[in-house]
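Observations on chain architecture
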Amino acid sequence: MMIFAITPFTLFHVILSLVGIVAGVVALHGWLRSELRSGWSALFLGSTVATVVTGFLFPFTVVTPAIGVGILTSLLLAAALFALYARRLAGH
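Residues numbered from 1 in each chain as written. Predicted model: local features only at pLDDT ≥ 70, side-chain atom pairs only at ≥ 80, totals over all residues. Heavy atoms only, no water.

**Observations concerning the pattern of salt bridges**
When their charged atoms lie close together, side chains carrying opposite charge are able to pair. Evaluated as defined, the whole model comprises two salt bridges. Its salt-bridge partner being R33, residue E35 comes within 4.0 Å of it at the nearest N-O pair. E35 sits in the partly exposed class, given a relative accessible area of 32%. One salt bridge connects R37 with E35, and the closest N-O pair in it is separated by 3.2 Å. For R37, a relative accessible area of 26% gives the class partly exposed. (Salt bridge = Lys/Arg side-chain N within 4 Å of Asp/Glu carboxyl O. Buried < 20%, exposed > 50% of the residue type's maximum accessible area, 1.4 Å probe, protein only.)

Printed below as a string of structure tokens:
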């Protein structure tokens, strides 16, 4: 099934990214008010990780700027997950 010439996998990737954006806005609003909103934070981080992973599953033959952004995002997400879940935001 193709919608506007988008494959189901691409549509899934886009939906994941939109979920991450919405959850990130809600989580950020909480963070700015010094409220963790752990459910929204988990949804943001989980959907963002899933977006990055699905992004790496697209076929590519050369390293593009999108791949570079995905690598950088992966490193930043790893740091965020470590700080939030392994260190419980120690030093906040």
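There is more to say, and it comes next.
**Remarks on the packing of helix α2 (residues 38-56) against helix α3 (residues 65-86)**
Pairs of packed helices are described in terms of their axes, by the angle between the two and the distance that separates them. In the contact formed by α2 and α3, the axes pass within 10 Å of each other and the chain directions differ by 150 degrees. Classified by the interaxial angle, the pair formed by α2 and α3 is roughly antiparallel. Note on packing geometry: the crossing formed by α2 with α3 is left-handed. Contacts from S41, A42, L45, T48, V49, V52 and F56 in α2 reach I67, G70, I71, T73, S74, L77, A80, L81, L84 and Y85 in α3. In terms of residue class, the contact of α2 with α3 is made up of twelve nonpolar, five polar and no charged. (Axes fitted to C-alpha atoms, helices over the stretch in contact; angles between N-to-C directions. Helix = DSSP H or I, 4+ residues; strand = E, 2+ residues; numbered from the N terminus. Parallel < 35°, antiparallel > 145°, perpendicular 65-115°, else oblique. Left-handed = near helix turned anticlockwise from the far one by under 90°. Contact = heavy atoms within 4.5 Å. Nonpolar A, V, L, I, M, F, W, Y, C, P; charged D, E, K, R; others polar.)

**Describing unusual backbone geometry**
Even without being glycine, R37 reaches a positive phi, approximately 50 degrees. With respect to the helices, strands and loops of the structure, R37 is situated in the loop between α1 (8-32) and α2.

**Section: the packing of aromatic side chains**
In total, this model carries two aromatic pairs according to the counting rule given. On the numbers, 6.3 Å between centres and 80 degrees between planes, the contact of W31 with F44 is edge-to-face. With W31 in helix α1 and F44 in helix α2, the pair connects residues that are 13 residues apart, well separated along the chain. (Phe/Tyr/Trp six-rings, centres within 6.5 Å; stacked < 30°, edge-to-face > 60°.)

**Structural notes on α1**
With 25 residues, α1 extends 36 Å from end C-alpha to end C-alpha; this agrees with the ideal 36 Å at 1.5 Å per step. Lining the buried residues of α1 we find α2. Just downstream of α1, S34 is the residue with a positive phi angle, here 60 degrees. (Expected span 1.5 Å × (residues − 1).)

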